[in-house]
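# A structural walkthrough
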Amino acid sequence: MIIKSVCGYCGVGCGLEYDRKKLIGDISYPTNEGKLCSKGISELISIQSSTRLLRPLYRDSISVEYKTSNWDEAVTKIANKIKDSSKEKIGFYLSGQLLTEDYYVANKLGKGFIGTNNVDTNSRTCMSSAVVAYKKSIGADFVPLRMDDIFCSDLLILVGANTAEAHVVFHNQIKKAKKHGLKVVVIDPRCTDTAKSADLYLPIKAGGDIDFFNLISKRLIDEELYNKEFVNKHVNNFELLKNKFKRVAVTKMLKRTGLTKEQFEEFWQLYISSENIISAWTMGLNQSVQGVDKNLALINTHLLSGKIFKKGNGPLSLTGQPNAMGGREVGGLSTSLAVHLDFDAKSIKKVSKFWKTDNIDSNPGLTATQMLEADLDILIICHTDPVYHLPNRHKVERLIKKIALVVEINAYDNSETSKFAHIKLPAAPWGEKEGTQTNLDRSITKQEKLTRTSIDCKADWEIFQLIAKKLGFEKEFDYKHPKEIFLEYQEMTKLNKYMDIHNADYDKLSFKPFVWGQDINGFLTKDKKANLHFVENKLLSEKTNLEYQFVLLTGRTRDQWHSGTKTNLPQTLLKYKELDFVEINNEDAKELGIRTDDIVTVLSLRGQITTKAVVTNAINRKTLFIPISNREINYLTNDLLDKESFEPDYNHSAVKIYKQV
Ligand SMILES: Nc1nc2c(c(=O)[nH]1)N[C@H]1C(S)=C(S)[C@@H](COP(=O)(O)OP(=O)(O)OC[C@H]3O[C@@H](n4cnc5c(=O)[nH]c(N)nc54)[C@H](O)[C@@H]3O)O[C@H]1N2
Ligand SMILES: Nc1nc2c(c(=O)[nH]1)N[C@H]1C(S)=C(S)[C@@H](COP(=O)(O)OP(=O)(O)OC[C@H]3O[C@@H](n4cnc5c(=O)[nH]c(N)nc54)[C@H](O)[C@@H]3O)O[C@H]1N2
Ligand code: SF4
Ligand SMILES: [Mo]
């Protein structure tokens, strides 16, 4: 019998078929038409890894070894600590890789019953800038187009996104659309594999994106090429923006992009001659101290040109994790309550009534990037590895050691956070459980259980339910099956007018995904108009100087998934691409006497990494790139945050590099 399921890695969400022996791509699935990348194909192998966490473990202090515990003992310890702590000292650190049902139960327990809004997710380090910008500009955290819009578009602008490595199967679709006439522009300080297949590559200087998009907006206005009718009818703040742009210094802006006048002109001709335009972005925009502003500068261009809510057009944020979208829909960010409702009195009333609780606090909670600084008593970390992924790791390690009880829920034994936890609970990974996820363009699908659950492992929602029951919430958390949770969640989405998720059919999701929001074709603000925002490049990132002359960029490699607990396995042949290297420009390398394969040290004010040099002309001068498959990456990165999204500035740390002798 063939079981249809979905890949649990990236936001593309490819359909799979499993026939008890092997896993292949689902030819009938619209997103991938049978194609899979190396990660999708290897999902089964990772279940069998010897590095799985298979028993609850406990230790009194992180200076001693873990001892085998059991579920009741471990959960009792957690519940007791929660009871003894004031609610602002309790934190839930979740993940965009959790299933919707897991997210729902954790969010309901934290915000609804324990009464702490300190429930946040690693999506804070990933998507939060896009969330804030969508809300500010179009009125809701809503992606207003789909991936297959590229087949009716003329121009795709990929900015700060390396689809060839990070959204591999979507990249294949882009190549296919190119054969039908789509032109592709890639804007990135590195000439990535994505850039190599583009029609035009613009080697922007790291951090120059606001200037780039402002140059487009200014020209649209100055040359009266903006869509007057659309702007008059559907957009606020046009006059304000126009006046502000009168005073900006164009030459300075262009200089900050690092592009020549000719390069911009070539782009401009392509831009104004294209009827349908999509701008897609990922971490090159989001992970910035001005991540929200970078997003807004991009979205402004679509509002001015009216290229939005029209087939083949729009601002397309490419979500990274498989269910970061589902998490946002449930309410997994500490800055929102549930089902895209915030902490206003009306929303709290609605949600309280739905959950039958009066414990909801009205203040937004701590973000994932704030939790460690908050002197917590207990931190429950699930399906993510903050010690690995948060910036400025030496500081992170110092802070996490101060938390009295660190609980890690993980399916694998070898995370970096594991070194700092007191209790470890074994989760059932992909393939051993079922549940739903929403991919990057609102397609809700279902992961199916393909194999039996390892004896002492539990689905993540079950683990949160055990904690809830131990705290006395038996009645409110009495789910026997993830379907019951999904049905309750669906009912809850009715609290939000524009969410039509209640129309999905759980039992059909794995072979017929449900795309929510398909009837939404206008802005979701109160006055139904979009908002333009004037934003400027304030140069807030860490500055390079005579000693630390290089800007460090960090990012993905094709065959690895973040820290590599699932992909960097001895028994897989996944090491197709190098995992541990630093890219440096030819000229810079020459000046420093560095050659490919030399062992080099990269230092910032915060820490250092020793790795292998790759000398290349595919990276801008005075710019280095280290992939995040190097688990030590965040010893180097700075911990500046965007002031609205609280997302880290991972792509702009000042560093120096020297050759080991
Ligand atoms: N193979 C693989 N795929 C993945 C993941 C993985 O771990 N491995 N992770 C998933 C996740 S969670 C995410 S969030 C996505 C991320 O997907 P991407 O964001 O596409 O991946 P990154 O490698 O982080 O690429 C960001 C790109 O931005 C560029 N960049 C850096 N600074 C700037 C800047 O200032 N301006 C511009 N214009 N560009 C800049 C970098 O050079 C890099 O090429 O990938 C998802 N897919
Ligand atoms: N310097 C730098 N830092 C970054 C980034 C960057 O670009 N540069 N990117 C940021 C971004 S966008 C992201 S999304 C984060 C990603 O950072 P993390 O989320 O920390 O990375 P992962 O390695 O994917 O961690 C997932 C964890 O879940 C565990 N796991 C696997 N399956 C299951 C399961 O079914 N249940 C449970 N409970 N656990 C399971 C895995 O073993 C692993 O430890 O990193 C962020 N940090
Ligand atoms: S592109 Fe993404 S969803 Fe598709 S197989 Fe690869 S990792 Fe899985
Ligand atoms: Mo991410």
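For the structure itself, consult the block above.
What counts, and at which threshold
- Residue indices follow the written sequence of each chain, beginning from 1 at its first position.
- A letter from A marks each chain and a number from 1 marks each ligand, given out in the order of writing.
- pLDDT decides what is reported in this predicted model: residues at 70 or higher carry local features, side-chain atom pairs at 80 or more are listed and counted, and totals for whole chains, interfaces and linings draw on all residues regardless.
- Calculated side-chain values reflect all of the structure's heavy atoms, with hydrogen atoms and water omitted.
- Detection works on a 1 Å grid of protein atoms alone, calling trapped sets that fit a 1.4 Å probe cavities and calling open sets with protein on both sides within 12 Å along at least five of seven lines pockets, with lining residues defined by an atom within 4 Å of a point.
- Grid points are joined across faces, edges and corners, and a volume is the space filled by probe spheres set on the points.
- Secondary structure follows DSSP: runs of H or I at least 4 residues long count as helices, runs of E at least 2 residues long count as strands, and numbering of each begins at the N terminus.
- When residue character is reported, Ala, Val, Leu, Ile, Met, Phe, Trp, Tyr, Cys and Pro are called nonpolar, Asp, Glu, Lys and Arg charged, and the others, Gly included, polar.
- Any residue with a heavy atom positioned within 4 Å of a molecule or strand is treated as near that molecule or strand.
- Each polar contact in these results corresponds to two N or O atoms within 3.5 Å; when the atoms are within protein, one needs to be able to donate a hydrogen and the other to accept it, and residues that are neighboring in sequence are counted only if both atoms are side-chain atoms.
- Residue burial considers only the protein chains on display, and all accessible areas are found by Shrake-Rupley using a 1.4 Å probe.
- Throughout, the edges of the domains are those of an automatic or database domain assignment.
- Axis definition: a line fitted to C-alpha atoms, over the contacting stretch in the case of helices. Angles run 0 to 180 degrees between N-to-C directions.
- Angles are sorted into four bins: roughly parallel if under 35 degrees, roughly antiparallel if over 145, roughly perpendicular if 65 to 115, and oblique for all others.
- The handedness criterion is simple: a crossing whose near helix is rotated anticlockwise from the far helix by less than a right angle is left-handed, and one whose near helix is rotated clockwise is right-handed.
- We call two residues in contact when some of their heavy atoms are within 4.5 Å.
- Criterion for pocket placement: a molecule counts as inside a cavity or pocket if more than half of its atoms are within 2 Å of its grid points.
- DSSP bridges decide pairing: two strands pair if at least two such bridges lie between them.

## Describing the layout of surface pockets
Its boundaries defined by the atoms lining it, the second largest pocket holds a volume of some 1,000 Å³. Along the walls of the second largest pocket sit 34 residues, with Gly-139, His-340, Asn-496, Tyr-498 and Leu-524 positioned nearest its centre. Residue assignment for the lining of the second largest pocket shows that the elements contributing at least two residues are α5 (128-138) and α17 (345-355). No other element matches the four residues that α5 contributes to the lining of the second largest pocket. Looking at side-chain class alone, the lining of the second largest pocket contains ten nonpolar, ten polar and 14 charged residues.

## Section: the site of ligand 1
Looking at ligand 1, there are 33 residues lining it, with Ala-166, Asp-188, Gly-207, Arg-556 and Gln-560 nearest. The contact in question runs from an oxygen atom of ligand 1 to an N or O atom on the side chain of Lys-294, over 3.1 Å. Out of a free accessible area of 910 Å², ligand 1 has 99% covered by protein chains. Sorting the residues of the shell around ligand 1 by element identifies α6 (163-166), α14 (283-286) and β21 (550-555) as the ones contributing at least two each. Looking at side-chain class alone, the shell around ligand 1 contains twelve nonpolar, 13 polar and eight charged residues. Two domains each put at least three residues into the shell around ligand 1: domain 3 (128-317) and domain 4 (550-659).

## Let's talk about the packing of helix α9 (residues 209-222) against helix α13 (residues 261-272)
Their axes nearest at 12 Å, the elements α9 and α13 cross at an angle of 55°. Between α9 and α13, the interaxial angle falls into the category oblique. Here α9 runs over α13; the crossing is right-handed. When α9 is examined against α13, the residues Phe-212, Leu-215, Ile-216, Arg-219 and Leu-220 are found in contact with a partner set consisting of Phe-264, Glu-265, Phe-267, Trp-268 and Tyr-271. Looking at side-chain class alone, the contact of α9 with α13 contains eight nonpolar, no polar and two charged residues.

## Here we look at the site of ligand 3
Around ligand 3, the surrounding shell consists of Cys-7, Tyr-9, Cys-10, Gly-13, Cys-14, Leu-36, Cys-37, Lys-39, Gly-40 and Val-169. Judged by the fraction of its atoms near the pocket grid, ligand 3 is located in the largest cavity.

## As for the sheet that holds β21
With respect to topology, six strands assemble into a closed barrel ordered β21-β25-β22-β24-β23-β26, the strand pairing being mixed. Sheet twist, expressed as the mean angle between neighbouring strand axes with direction ignored, is 45°. Across five bridges, the pairing between β21 and strand β25 (residues 623-627) is parallel. By the bridge assignment for β25, Thr-554 is matched with Ile-626.

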